[in-house]
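# Topology and contacts: notes
Spelled out, the chains give:
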Amino acid sequence: MKRYLIVIFVLVLAAVANAQEHLTFKGIPLGGDISLFVSKLELKGYYVEEKSYDEILMIGDFAGVDTCEVYLSPTPKSRLVWNVTVKFPQKASWHALKDEYLSLKEAYTEKYGEPESYELFMSPYEEGDGNEMDAVYKGKCGYASFYTLDKGNIVLGIYNDGCVFVIYEDAITYKVCRDEVEADMMNDI
């Protein structure tokens, strides 16, 4: 009996350790079944807006902002969540867009450390010329911060539609996704 308890204890510790190896989103580890992940987000007040085989779009609050779009990407075969992308509501002005980006960057940097950042405008645009939003919409604004972690990557940036985004990419499940895609490709060849 003592031997079985030890085995169960070791298995429980291994399960807990495995759960801690994944990046988390709102306290939920990535790498789990997509249906279970959706259920856990629903318990946190999110709702499913749109569903396809490749992606599930949910709506909910994130980092104190209401009605964010949250895109969940599962692996193609095993249906494990490998990527979560949060898209904040669109901003009408460069000042509001940049402020949201910098505020989030400060919070992420406090939690995860200094990122590798690129914050620039491409010719013919430059910050302060009054045409920053035109540059954003034309893909001539490159604002992104990359947080490289043991568990995966987090990318904070500005989309060319005037929204701030955050991408959570789990390292372990990304490899599963890549392996499943490559296996499908090899089966086709």
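Refer to the structure presented above.
So, here is what we can say about the structure in this document.

### Concerning the sheet that holds strand β6 (residues 81–87)
- In space, the eight strands of this open sheet follow the order β3-β4-β5-β6-β10-β9-β8-β7, with antiparallel pairing throughout. A strand with exactly one partner marks an edge of an open sheet, and here the two such strands are β3 (47–51) and β7 (116–121). Taking each pair of neighbouring strands and ignoring which way they run, the sheet shows an average axis angle of 20°.
- Judged from the four bridges that link them, β3 and strand β4 (residues 56–62) form a sheet pairing that is antiparallel. Residue pairing across strands places Y47 opposite I59, the latter belonging to β4.
- Those strands touched by helix α3 (residues 94–112) are β4, β5 (65–74), β7, β8 (141–149), β9 (152–158) and β10 (164–170), and its axis lies near 15° from that of β8.

### Overview of the pairing of β8
- Bridging between β7 and β8 involves six bridges; their strand directions are antiparallel. When the sheet's bridge partners are listed, S117 is paired in β8 with S145.
- Direction of pairing for β8 relative to β9: antiparallel, over a ladder of six bridges. When the sheet's bridge partners are listed, S145 is paired in β9 with L156.

### Re a nonpolar patch on the surface
- A grouping of Y118, L120, M122 and F146 is seen on the molecular surface, where their side chains present a nonpolar patch of about 340 Å² in accessible area.
- In this structure Y118 comes out as partly exposed when scored by relative accessible area, which is 41%.

### Concerning the side chain of T85
- Examined against the element boundaries, T85 turns out to sit in strand β6.
- The exposure class of T85 is buried, given its relative accessible area of 11%.
- At 3.0 Å, the side chain of T85 forms a polar contact with the side chain of N83.

### Some details on the pattern of salt bridges
- Summed over all chains, the structure comprises four salt bridges.
- When the shortest N-O distance is used, the salt bridge between E100 and K91 registers 3.8 Å.
- With a shortest N-O distance of 2.8 Å, E119 and K105 are connected by a salt bridge. Linking E119 in strand β7 with K105 in helix α3, this pair joins segments that are 14 residues apart in sequence.
- Accessibility expressed as a relative area gives 16% for K105, which makes it buried.

### Observations concerning the packing of aromatic side chains
- What the rule picks out here adds up to 15 aromatic pairs.
- Between F25 and F62, the ring centres sit 5.2 Å apart and the planes meet at 15°, which makes this aromatic pair stacked. With F25 in strand β1 (residues 24–25) and F62 in strand β4, this residue pair connects regions lying 37 residues apart in the sequence. Comparing F25 with F62, the two get one shared label, buried.
- Ring geometry for Y118 and F146: centres 6.1 Å apart, planes at 70°, overall edge-to-face. On the criterion of sequence distance, the pair formed by Y118 in strand β7 and F146 in strand β8 is long-range, its members being 28 residues apart.
- Through a chain of ring-to-ring contacts, the aromatic side chains of F25, F62, F88, Y108, Y112, Y147 and Y168 assemble into a single cluster.
- Positioned above the aromatic ring of Y53 is the side chain of R79, whose terminal nitrogen or guanidinium carbon lies 3.9 Å from the ring centre.

Basis of the calculations
Residues numbered from 1 in each chain as written. Predicted model: local features only at pLDDT ≥ 70, side-chain atom pairs only at ≥ 80, totals over all residues. Heavy atoms only, no water. Pairing = 2+ DSSP bridges. Helix = DSSP H or I, 4+ residues; strand = E, 2+ residues; numbered from the N terminus. Axes fitted to C-alpha atoms, helices over the stretch in contact; angles between N-to-C directions. Contact = heavy atoms within 4.5 Å. Patch = residues over 30% accessible without salt bridge, like charges linked within 9 Å, V, L, I, M, F, W, Y side chains within 5 Å. Areas by Shrake-Rupley, 256 points an atom, 1.4 Å probe, with all protein chains shown as cover. Salt bridge = Lys/Arg side-chain N within 4 Å of Asp/Glu carboxyl O. Buried < 20%, exposed > 50% of the residue type's maximum accessible area, 1.4 Å probe, protein only. Polar contact = N/O pair within 3.5 Å; in protein donor to acceptor, adjacent residues only side chain to side chain. Phe/Tyr/Trp six-rings, centres within 6.5 Å; stacked < 30°, edge-to-face > 60°. Lys NZ or Arg CZ within 6 Å of the ring centre and 35° of its normal.

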